[in-house]
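# Examining the three-dimensional arrangement
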Amino acid sequence: MSGRDSPIGIGRERQFEVYVGGARGIRPRVPVSVERLERRARAAMTPEAYAYVAGGAGTEETIRENRAAFERWRIVPRMLRNVSARDTAVELFGSRLPSPFVLCPIGVLEMAHRDADIAVARAAAAEGVPMIFSNQASRPMEECARAAVRRFVETYSRPSLSWDDLGFLRERTRLPILLKGILHPADAVAAVEHGMDGVFVSNHGGRQVDGAAGTIDVLPAIVDAVAGRVPVLLDSGVRSGADAFRALALGADAVGLGRPYVWGLAAGGEAGVREVIRNFRADFDLTMGLAGCASIADIGRESLAHAG
Ligand SMILES: Cc1cc2nc3c(=O)[nH]c(=O)nc-3n(C[C@H](O)[C@H](O)[C@H](O)COP(=O)(O)O)c2cc1C
């Protein structure tokens, strides 16, 4: 897979599709703005399905903090650096990805669209973006509903789990294992010491602990603690190419898209998901160029200023 989809780059290519297509009367399948996309998705979903995807834990303070934390990190553009040819590709677990995005695991996608995981998988493949499957994926909603409350609670709320349980996983696969939900540097170090291949900084989109830290705020200390031993990914609140840029500037290797692709699925099925991924990739590429970065290696902590 190549980071350069076309000679002009994904950013300009997408601008061309949107503007020239628009002039010819070809409208994007789903809105580019995530807020408008969410409104469109909401109109296409049942109130229960919308609430399932949009909702968070408790007072939803963590969802708000994810956004507020991103907005406190400001991008500081650099000028006149010849960024005409940009490479947005990253290396992750031996694969070259065209851009630093992965799709987050989202359970029970049937709530958003009948084609669910199949539509998302096709769109992800078309854009060359890895999709992380949820262990609640590809199952009919009825089956999940039958399984709720006991099996669900046993699987998802096992307070007895400890670091030693990771050995069970490590023994059973040679595939890379990433630990998702890490928010403390000491836990990131423990993950590395217990043989994990990657750390996924996440508060699961504010769906677990109400009042949790915004992921972008805890990222720098985790990156420092991991010290390059394994890749560090981040999700929770990524809503633009600028957010991905901020995360990479603070040391993430890639970012996870969550709710935005579910909105794309609800509003436009497979084509909707594909456009959402494409819009994020294009927005990231354009942000890189405007910030004076020709490659991922050019993005660093000096690319940001903390506002507050
Ligand atoms: C409807 C929904 C279902 C989710 N299901 C899972 C899941 O089964 N497993 C998991 O690890 N995370 C799950 N997540 C969390 C996502 O993987 C991801 O961390 C989160 O969506 C990122 O936050 P954001 O969507 O606000 O950007 C779910 C999130 C949503 C919105």
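Refer to the structure presented above.
Sequence order sets the numbering: in each chain, residues are counted from 1 along the sequence as written. In keeping with the model being predicted, local features are shown solely for residues with a pLDDT of at least 70 and side-chain atom pairs are shown and tallied solely at 80 or more, while totals for entire chains, interfaces and linings include all residues. Where side-chain values are given, they derive from all heavy atoms of the structure, hydrogens and water being excluded.

Right, let's talk about unusual backbone geometry for a bit. Backbone geometry at Glu 60 places phi at a positive 65°, although glycine is not the residue there. Secondary structure counts use DSSP, requiring at least four H or I residues in a row for a helix and at least two E residues in a row for a strand, with both numbered from the N terminus. By secondary structure assignment, the location of Glu 60 is in the loop between helix 3 (47-54) and helix 4 (61-72). The classification of residues rests on relative accessible area computed with a 1.4 Å probe and restricted to protein chains. Under 20% of the type maximum is buried, over 50% is exposed, and intermediate values are partly exposed. The class of Glu 60 is partly exposed, set by a relative accessible area of 30%. For His 204, which is not glycine, the phi torsion reads 55° and is therefore positive.

With that settled, consider the side chain of Ser 202. Inspection of the secondary structure assignment puts Ser 202 in the loop between strand 6 (198-201) and helix 10 (215-226). One polar contact links the side chain of Ser 202 to the main-chain amide nitrogen of His 204, over a distance of 2.8 Å. Should any heavy atoms of two residues lie within 4.5 Å, those residues are considered in contact. In this view, Ser 202 contacts Lys 180, Gly 181, Ile 182, Leu 183, Thr 215, Asp 235 and Ser 236; residues no more than four positions away in its chain are not counted. We call two N or O atoms a polar contact when they sit within 3.5 Å, provided that within protein one can donate a hydrogen and the other can accept it, with sequence-adjacent residues counted only if both atoms are side-chain atoms.

A few words now on the pattern of salt bridges. A pairing counts as a salt bridge when a side-chain nitrogen of Lys or Arg comes within 4 Å of a carboxyl oxygen of Asp or Glu. Under the counting rule described, the total for this entry stands at 18 salt bridges. For Glu 127, the salt bridge goes to Arg 278, with nearest N and O atoms at 3.2 Å. Of this pair, Glu 127 sits in helix 5 (residues 116-127) while Arg 278 sits in helix 12 (residues 259-291), and the two are 151 residues apart along the sequence. Arg 278 shares its class with Glu 127; the two are buried. The partner of Arg 172 in a salt bridge is Glu 171, with the nearest N and O atoms 3.7 Å apart. Per residue, the accessibility class of Arg 172 equals that of Glu 171, and both read exposed. If you follow the salt bridges from partner to partner, you end up with Glu 13, Arg 14, Glu 17, Glu 127, Arg 274, Glu 275, Arg 278 and Arg 281 in one network.

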